[in-house]
Amino acid sequence: IRMGGLVGCIDARNSTISNCLNEGTVHASTKSTTAPQYIGGLVGYVTNAGRVGTKIENSLNIGTVTSTHATPSNKDSIVGYANTATINNLYSTSATDTTKSGFNLVSVDDITGEDAKTTLSGFDFLTTWVARENNTPTLDFENSGAYVIRNLADLNKIVEMSKTTTFAGETIKLAADIVVNDGD
């Protein structure tokens, strides 16, 4: 299983994930107790081919990552597995491996209101992110024309579109938790 709050698996060279936010739960449920699992709050897995030129940057995970697997192979609140992708300014409010370069653990208090502007290094609060009073930051969806994913059908539509469409510079908003089980 390769599952992430934004992307399950990156298998293309020179891919960029930038200025993304996951507020939902990523929950991997599998019947297998031996199959490897790569689960991340933002990205599940970056393949060997995908890691060439791949950048994951300036993104935030406020959601949780869980698994029914007793010992998932690679589970992290930011990226499950990305051997040599370039990682910069990734933040999570739940447990993360801060020994990985670019991974940062922050408290909700540290990113609430105006504090977000000083805590989230590399984030553009002039045009891309919005600091919210008494709340965590969000992307500026009002001015973006974002693609919104509300259910598995919307997610599958984005996957199909990605085969012929480049989403460079586009905003995709996950607006609801999506649970995917074996066979979906």
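Refer to the structure above for everything that follows.
Quick summary incoming for the structure in this document.

1. Notes on the overall build of the chain
Phase 1: Looking only at helices and strands, the chain has two helices and 18 strands in total.
Phase 2: In the chain, which comprises 184 residues, the proportion classed as buried is 38%.
Phase 3: For the chain, contacts bridging at least 24 residues in sequence account for 65% of all contacts bridging at least 6.
Phase 4: Total accessible area on the chain is roughly 9,700 Å²; 46% of this is exposed by carbon and sulfur atoms.

2. Section: the nonpolar core
Phase 1: Leu-60, Leu-120, Phe-123, Phe-125 and Trp-129 are the most contacted members of the largest nonpolar core, which totals 13 residues.
Phase 2: When sequence neighbours within four positions are dropped, the list of residues in contact with Leu-60 reads Cys-20, Leu-21, Asn-22, Leu-42, Tyr-91, Ser-92, Ile-111, Leu-120, Phe-123, Trp-129 and Pro-137.
Phase 3: With 12 residues, the next largest nonpolar core counts Cys-20, Val-46, Ile-56 and Ile-87 among its residues.

3. Observations regarding the sheet that holds strand β10 (residues 74-76)
Phase 1: With respect to topology, three strands assemble into an open sheet ordered β1-β6-β10, the strand pairing being parallel. Two strands bound the open sheet, and with one partner strand each, they are β1 (2-4) and β10. Looking at each pair of strands side by side, their axes are set apart by 5 degrees on average, direction ignored.
Phase 2: With three bridges joining them, β1 and strand β6 (residues 38-40) adopt parallel strand pairing. Bridge pairing in β6 links Arg-2 to Tyr-38.

4. Looking at the sheet that holds strand β2 (residues 7-10)
Phase 1: Taken together, the three strands give an open sheet; going across it, the order is β2-β7-β11, and neighbouring strands pair in parallel fashion. Looking at which strands have only one partner, the edges of the open sheet turn out to be β2 and β11 (79-82). For this sheet, the mean inter-axis angle between neighbouring strands, taken without regard to orientation, is 10 degrees.
Phase 2: Bridge analysis of strand β7 (residues 43-46) against β11 gives three bridges, and the strand direction is parallel. Residue pairing across strands places Val-43 opposite Val-79, the latter belonging to β11.

5. Overview of the packing of aromatic side chains
Phase 1: All told, the structure shown has five aromatic pairs when counted by the stated rule.
Phase 2: Seen from their ring centres, Tyr-91 and Phe-123 are 5.6 Å apart, and the 75 degrees between their planes marks the pair as edge-to-face. You can see Tyr-91 sitting in strand β12 (residues 86-92) and its partner Phe-123 sitting in the loop between α1 (115-119) and β14 (129-130), a full 32 residues away along the chain. Across the pair, exposure class does not vary: Tyr-91 and Phe-123 are buried alike.

6. Here we look at the pattern of salt bridges
Phase 1: Counting across every chain of the model gives two salt bridges.
Phase 2: In this structure, Arg-132 engages Glu-23 in a salt bridge whose closest nitrogen and oxygen atoms are separated by 3.9 Å. One end of the pair, Arg-132, is in the loop between β14 and β15 (138-139); the other, Glu-23, is in the loop between β4 (21-22) and β5 (26-29), and 109 residues separate them in sequence.
Phase 3: Owing to a relative accessible area of 26%, Arg-132 belongs among the partly exposed residues under this scheme.
Phase 4: You can call Glu-23 partly exposed: its relative accessible area is 44%.
Phase 5: Where Lys-117 meets Glu-114, a salt bridge forms, and the shortest distance between an N and an O atom there is 3.0 Å.
Phase 6: You can call Lys-117 partly exposed: its relative accessible area is 41%.
Phase 7: Of the residues examined, Glu-114 reaches a relative accessible area of 52% and is grouped as exposed.

What counts as what
Throughout this document, residue positions are counted from 1 along each chain, in the order its sequence is written. Local features are withheld for residues below a pLDDT of 70 in this predicted model, meaning they are given only at 70 or higher, and side-chain atom pairs are given and counted only at 80 or more; totals for whole chains, interfaces and linings count all residues. No hydrogens and no water enter the side-chain calculation; it runs on all heavy atoms of the structure. For the purposes of this entry, the term helix denotes a DSSP run of H or I that reaches at least four residues, the term strand denotes a run of E that reaches at least two, and both are numbered from the N terminus. The cut-offs for exposure are 20% and 50% of the maximum accessible area for each residue type, with area from a 1.4 Å probe on protein chains only; residues under the lower value are buried, those over the upper are exposed, and the others partly exposed. We call two residues in contact whenever any of their non-hydrogen atoms come within 4.5 Å of each other. Only the protein chains shown count as covering a residue, and every accessible area follows the Shrake-Rupley method with a 1.4 Å probe. What we call a nonpolar core is a set of buried Ala, Val, Leu, Ile, Met, Phe, Trp, Tyr and Cys residues that are connected through their side-chain atoms within 4.5 Å. The rule for pairing is simple: two strands pair if DSSP sees at least two bridges between them. With axes taken as lines fitted to C-alpha atoms, and helix axes fitted only over the stretch in contact, angles between N-to-C directions fall between 0 and 180 degrees. When two rings of Phe, Tyr or Trp (its six-membered ring) have centres within 6.5 Å they constitute a pair, described as stacked for plane angles under 30 degrees, edge-to-face for angles over 60, and tilted for the intermediate range. The rule for a salt bridge is simple: a side-chain nitrogen of Lys or Arg has to be within 4 Å of a carboxyl oxygen of Asp or Glu.

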